[in-house]
Amino acid sequence: MVHQPPAGARDLLPLDVTQKQWIENRLQQVYHRCGYHRIITSTIERLDTLMAGGAINRSTVLQLQAGTEEESLGLRPELTASIARTAVTRMAGVSYPQRLYYNANVFRRAEKGSYSGQQEFYQAGVELIGAGGLLADGEILLLLAECLFQLGLSGWHLVLGEAGLTRSLLAPFPGKLQEKVRRAIAHLDRVTLENLPLSDELKEHALMLLDLRGKPADVLQKVANLKLDPAGEEALNNLKSLIDLLEQGLPNLAGQTNLTCQVTLDLSLIQTFNYYTGIVFEVVGETDTGKHILGQGGRYDRLLTLYHPQGNSVPGIGFSLNIEELYQVLLPTGQLPAETPTSEYLVVAQTPAAFASAFAYAHSLRSSAELVRVELDLGGRDAEEIREYARRRCIPKIAWVKESGSPTLETL
Ligand SMILES: N[C@@H](Cc1c[nH]c[nH+]1)C(=O)O
């Protein structure tokens, strides 16, 4: 028998769980206040569903052995695809918009040579389904900012891109080279760009794309001088309206001075999953150990069609927050609980004849207040050992119960 969990898996001990719940409860409160309802989808899905029409690479999915090709199963690497499937099949009769949130584990095959080898992660996110347009985009970005505020985080940064606009800007490159150009731009790799077999004109265009990141106003000004196809023009106008809205509508958001100060517009932003059609974004936080991607998301107006029995088109937008990364940036702030909650009472039956009375007294204490923690002594220790145990566990009160049921309370 091997006594370790498999590579990339992790056990969460009670303190880990207490800290994780501290984060999740705060997020859940924000989601509830904004009218979002929790959804729980299956951890196991058909590979076909998980790959979202090719938007998610098969190599990211941890596959389960069994079944035929069409019944191939895997563990979800994210939840948007599963929620899209549920929303247009199981929830087909509901009216839109649907506001859904989740809090779940996801599995991703660790990349070769990955340092941590971690394959199981936790995410808490939202999907706003059946709503396109500026208001829905604004709602999601505002919700994201509110989540970070409620977690007491302020030094974060939002990197905002537009998948449609990026696609238009990349359209002039020949098919085979497009992906290479895209990757080189995403990695700020000027050397690769300069060495690609492109005409001088295209090379210049590629190098110009490299500079399309920075303050929103500056980037928008640069893009205004470019020739775009009609789809690109429309995407640009939508992006401008969104940035306007962020500037006017959210200045006092959650105590922030101005959200747009924390926004970098980056038209080369590329997400791991390729189902996005509109805005895309990433929230980045920093600690002494480096950068952390706290969350990511975007608009996906073609994803739900894939799962819709009649192929109807339904827009969607959402994000997910990465619990492990949030934990890393929250830890130095000292806000996370440092201990698991302790019991307030230790109830001790003083003789075997007092067992029933001890249970009854513990029950009455538990019913007296909503959040009181009461534990029972399970015997085999003398009074001094019981006191020693209570001190070690920081339990402030011991209730000594006799057969008659009358407890004597001792405060330590
Ligand atoms: N599911 C995406 C995030 C997202 C949610 N909604 C839209 N995008 C991810 O895990 O990266």
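Residues numbered from 1 in each chain as written. Predicted model: local features only at pLDDT ≥ 70, side-chain atom pairs only at ≥ 80, totals over all residues. Heavy atoms only, no water.

Within an unreviewed UniProt entry, the label attached to the protein chain reads ATP phosphoribosyltransferase regulatory subunit, and the organism entered is Floridaenema flaviceps BLCC-F50. For the protein chain, the Sequence similarities (unreviewed entry) comment in UniProt is given as "Belongs to the class-II aminoacyl-tRNA synthetase family. HisZ subfamily." Quoted verbatim from the Subunit (unreviewed entry) heading of the UniProt record, the comment on the protein chain is "Heteromultimer composed of HisG and HisZ subunits." (UniProt positions renumbered as here; feature names shortened; annotations may be inferred.)

Enquirer: Account for the sheet that holds strand S9 (residues 263–266), naming residues and giving values.
Expert: In a beta sheet, neighbouring strands pair by backbone hydrogen bonds and run either parallel or antiparallel. With respect to topology, 9 strands assemble into an open sheet ordered S1-S5-S6-S12-S11-S10-S7-S9-S8, the strand pairing being mixed. On the outer flanks of this sheet lie strand S1 (37–38) and strand S8 (213–214), each paired with one strand and no other. For strand S5 (residues 98–107) and strand S6 (residues 120–129), the ladder comprises 10 bridges, and the chain directions are antiparallel. When the sheet's bridge partners are listed, glutamine 98 is paired in S6 with isoleucine 129. The strands touched by helix H3 (residues 80–89) within the sheet are S5 and S6, with S6 carrying the most contacts at an inclination of about 40 degrees. (Pairing = 2+ DSSP bridges. Helix = DSSP H or I, 4+ residues; strand = E, 2+ residues; numbered from the N terminus. Contact = heavy atoms within 4.5 Å. Axes fitted to C-alpha atoms, helices over the stretch in contact; angles between N-to-C directions.)

Enquirer: Tell me about the pattern of salt bridges, and name the residues and values.
Expert: By the definition in use, this model includes 15 salt bridges. Taking the shortest distance from any N to any O, the salt bridge between arginine 183 and glutamate 179 comes out at 3.1 Å. A residue pair is termed a helical-turn pair when its members lie 3 or 4 positions apart in one helix, as arginine 183 and glutamate 179 do in helix H6 (residues 175–186) at 4 residues. Accessibility expressed as a relative area gives 42% for arginine 183, which makes it partly exposed. With a relative accessible area of 36%, glutamate 179 lands in the partly exposed category. Each of Asp137, Arg299 and Asp301 takes part in one network of salt bridges that share partners. (Salt bridge = Lys/Arg side-chain N within 4 Å of Asp/Glu carboxyl O. Buried < 20%, exposed > 50% of the residue type's maximum accessible area, 1.4 Å probe, protein only.)

Enquirer: Explain the site of the ligand residue by residue, including any values.
Expert: Residues in contact with the ligand amount to 16 residues; listed here are only the nearest, Glu78, Thr80, Gln123, Glu127 and Tyr276. Between the ligand and the protein, one listed contact pairs a nitrogen atom with a side-chain N or O atom of glutamate 127 at 2.9 Å. Interatomic distance of 3.4 Å between a backbone N/O atom of glycine 318 and a nitrogen atom of the ligand. The fraction of the free accessible surface of the ligand (300 Å²) that becomes covered by protein chains is 98%. Of all the secondary-structure elements, those providing two or more residues to the shell around the ligand are S6, strand S11 (290–299) and strand S12 (316–322). Residues belonging to the shell around the ligand are distributed by class as follows: 6 nonpolar, 7 polar and 3 charged. (Near = heavy atom within 4 Å. Polar contact = N/O pair within 3.5 Å; in protein donor to acceptor, adjacent residues only side chain to side chain. Areas by Shrake-Rupley, 256 points an atom, 1.4 Å probe, with all protein chains shown as cover. Nonpolar A, V, L, I, M, F, W, Y, C, P; charged D, E, K, R; others polar.)

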